[in-house]
Amino acid sequence: MNKYFKIRQFNLKLDDKVMISSFDLDLQQSTCLLGESGSGKSLLLKKLVSDSSVYDTNSVVRFYFGESKKVDNWRDAFGYSQLSLEYQRFLDSFLANPFAIGNKLAIVRKLLDHPDYFFCEQLHLNESDFWLFLQFLKEQNICLFYVTNQIEESVFFSYLIVLKNNQVAIEGRMDLVLKEEKLMKLLGFSLPFYVNLSKQLGYYGLVLKIYLNKEDLEVALWQSK
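Before going into details, it helps to say that this report is about the structure given with it.

### So, the pattern of salt bridges
Thought 1: Across all of its chains, the model carries seven salt bridges by this definition.
Thought 2: Among the salt bridges present, the one from R75 reaches D92, with a minimum N-O distance of 3.1 Å. One end of the pair, R75, is in helix α2 (residues 74–77); the other, D92, is in helix α3 (residues 85–94), with 17 residues separating them in the sequence.
Thought 3: The exposure class assigned to D92 is partly exposed, which follows from its relative accessible area of 31%.
Thought 4: Its salt-bridge partner being R173, residue D175 comes within 2.8 Å of it at the nearest N-O pair.
Thought 5: Of the residues examined, D175 reaches a relative accessible area of 26% and is grouped as partly exposed.

### Re unusual backbone geometry
Thought 1: Although it is not a glycine, N141 sits at a positive phi angle of roughly 60°.
Thought 2: On the secondary structure map, N141 appears in the loop between α5 (127–139) and β7 (143–148).
Thought 3: Under the relative-accessibility criterion, N141 is labelled exposed at 56%.
Thought 4: With a phi angle near 70°, N166 is a residue other than glycine that sits in the positive phi range.
Thought 5: Within the fold, N166 resides in the loop between β8 (159–164) and β9 (167–173).

### Structural notes on the packing of aromatic side chains
Thought 1: The full count for this structure, using the stated rule, is 19 aromatic pairs.
Thought 2: Clustering of aromatic rings is evident, with ring pairs tying together Y87, F90, F94, F118, F130, W131, F133, F136, Y146, F156 and F157.
Thought 3: Positioned over the ring face of Y80 is R75, at 5.0 Å from the centre of the ring.
Thought 4: Taking NZ or CZ as reference, K104 lies 5.4 Å from the ring centre of F94, over its face.

### With respect to α3
Residue pairs three or four apart in sequence face the same way in an α-helix, which turns once every 3.6 residues.
Thought 1: Of all the positions in α3, only Y87, Q88, F90, L91 and F94 are classed as buried. Within α3, the buried residues cover an arc of 160° as seen down the axis, which keeps them to one side. In α3, the exposed residues that point more than 90 degrees away from the buried face are L85 and R89.
Thought 2: The inward-facing, buried residues of α3 abut α2, α4 (101–111) and α5.

### A short note on the pairing of β8
Thought 1: β8 sits mainly inside the fold: five of its six residues count as buried.
Thought 2: Sheet analysis places strand β3 (residues 31–34) next to β8, joined by four bridges and oriented parallel. Directly across from C32, in β8, lies its bridge partner L160.
Thought 3: The antiparallel pairing of β8 with β9 creates a hairpin that spans two residues between the two strands, and N165 there sits at a positive phi of about 55°.

The rules behind these values
Residues numbered from 1 in each chain as written. Predicted model: local features only at pLDDT ≥ 70, side-chain atom pairs only at ≥ 80, totals over all residues. Heavy atoms only, no water. Salt bridge = Lys/Arg side-chain N within 4 Å of Asp/Glu carboxyl O. Helix = DSSP H or I, 4+ residues; strand = E, 2+ residues; numbered from the N terminus. Buried < 20%, exposed > 50% of the residue type's maximum accessible area, 1.4 Å probe, protein only. Phe/Tyr/Trp six-rings, centres within 6.5 Å; stacked < 30°, edge-to-face > 60°. Lys NZ or Arg CZ within 6 Å of the ring centre and 35° of its normal. Arc of directions from axis to C-beta. Contact = heavy atoms within 4.5 Å. Pairing = 2+ DSSP bridges.

In structure tokens, the structure reads:
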């Protein structure tokens, strides 16, 4: 059975004010919803939690809203020995760094029953922990819907939706959306540093495509010599 999660022409309201109009979502890959503070991103997630009639799915869905959890011995609390080796390796790496440990423990708790879809707002993880988290979800075939106001986080996703003025202003493959530099600036977002730098270097023929991080850009520059 193919899993699916769909929203059709949903109007999100706060009191009598429309926050997001005519919102469509057919979640087939991990997706980032990017919008300014107050654009209705987190409100959308809360509405999905409180009213399942908003969406149509045949799968297990879980939500994370920035909760923090304190656990004295997480191996005992999570039944570590009963988990798969892949899950154990993820926990060992993800929880080794005490940075934002309460947030990470709460995230892990949400993933214990292996949902098909995981919805969460901005996680405030460092880059290495965020990457570990995304890689684990990919390996477990868990589709992530992530809301943020930080354009730098959008480069970790293959699909990007951008909100502006109560509606979806642009969406599509992340690299193609970020190429729309003038539009993104009109929407109030400056391109991530390495995306912008690789675009500038491309004008001089030094690189042939957009790079999302320092490491990949450095490799491309060395190979072009």
